[in-house]
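Overview (structure and organization)
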Amino acid sequence: MDKANFEIVGNVGKIEIKTFGKTGKLATLSVATSERWKTEDGTQKDRTHSHEMCQ
């Protein structure tokens, strides 16, 4: 199986750690990222994305 590496740079939101069974743990978190650009007429636009992750 191939592996892919990536890096998300943003603001961390909610972090949740769930425990199940004797040794099982699951961490979930959200990261908000933003992008900004200018349109052809010079208007600045921005958009925020929320990324949900589990480990």
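In this text the structure is predicted, and so the values were computed from the model without any measurement. (Residues numbered from 1 in each chain as written. Predicted model: local features only at pLDDT ≥ 70, side-chain atom pairs only at ≥ 80, totals over all residues. Heavy atoms only, no water.)

1. Some remarks on a nonpolar patch on the surface
Inclusion rule: Nonpolar side chains (Val, Leu, Ile, Met, Phe, Trp, Tyr) are joined into patches within 5 Å and like charges within 9 Å, using only residues with over 30% relative accessible area and no salt bridge. The method behind every accessible area is Shrake-Rupley, applied with a 1.4 Å probe, and residues are considered shielded solely by the protein chains displayed. Salt bridges are defined by distance alone: a side-chain nitrogen of Lys or Arg within 4 Å of a carboxyl oxygen of Asp or Glu. For the purposes of this entry, the term helix denotes a DSSP run of H or I that reaches at least four residues, the term strand denotes a run of E that reaches at least two, and both are numbered from the N terminus. Buried, partly exposed and exposed residues are distinguished by accessible area as a fraction of the type maximum, computed with a 1.4 Å probe on protein chains only: under 20%, between the cut-offs, and over 50%, respectively.
On the surface, a nonpolar cluster with roughly 320 Å² of combined accessible area is contributed by Val12, Ile15 and Ile17. Topologically, Ile17 is positioned in strand β1 (residues 11-20). Judged by relative accessible area, Ile17 falls into the exposed class, the value being 59%.

2. Digging into the confidence of the model for the protein chain
Selection criterion: As a per-residue measure, pLDDT reflects the predictor's confidence and takes values from 0 up to 100.
The pLDDT averaged across the protein chain works out to 90; a share of 98% of its residues lies at or above 70. Of all helices and strands in the protein chain, the one with the weakest mean pLDDT is strand β3 (residues 44-54) (90), whereas strand β2 (residues 24-38) scores best (93).

3. Let's talk about the sheet that holds β3
Rules: Note: two strands are recorded as paired if DSSP finds a minimum of 2 bridges between them. Orientation is described by axes fitted as lines to C-alpha atoms, over the contacting stretch for helices, and by angles from 0 to 180 degrees between their N-to-C directions.
In spatial order, the strands read β1-β2-β3; together these three strands make up an open sheet with antiparallel pairing. Only two strands of the sheet have a single partner each, and these edge strands are β1 and β3. Sheet twist, expressed as the average angle between the axes of neighbouring strands with direction ignored, equals 15 degrees. Pairing analysis gives 11 bridges linking β2 to β3, with the strands arranged antiparallel. Note that in β3 the partner of Leu29 across the bridge is Met53.

4. Here's the deal with the side chain of Ser30
Operational definition: Here a residue-residue contact requires only that any non-hydrogen atoms of the pair lie within 4.5 Å.
Tracing the backbone shows Ser30 in strand β2. Setting aside chain neighbours within four positions, we find Ser30 in contact with Asn11, Val12, Gly13, Lys14, Ser50, His51 and Glu52.

5. Description of the environment of Val9
Topologically, Val9 is positioned in the segment before β1. Relative accessible area serves as the criterion here: at 65%, Val9 is assigned to the exposed category. Separated by 25 residues in sequence, Val9 and Ser34 have C-alpha atoms that sit 9.4 Å apart.

6. Let's talk about the pattern of salt bridges
Applying the stated criterion to the full structure yields two salt bridges. Taking the shortest distance from any N to any O, the salt bridge between Lys14 and Glu16 comes out at 3.6 Å. By relative accessible area, Lys14 is classed as exposed at 59%. Taking the shortest distance from any N to any O, the salt bridge between Glu35 and Arg47 comes out at 3.3 Å.

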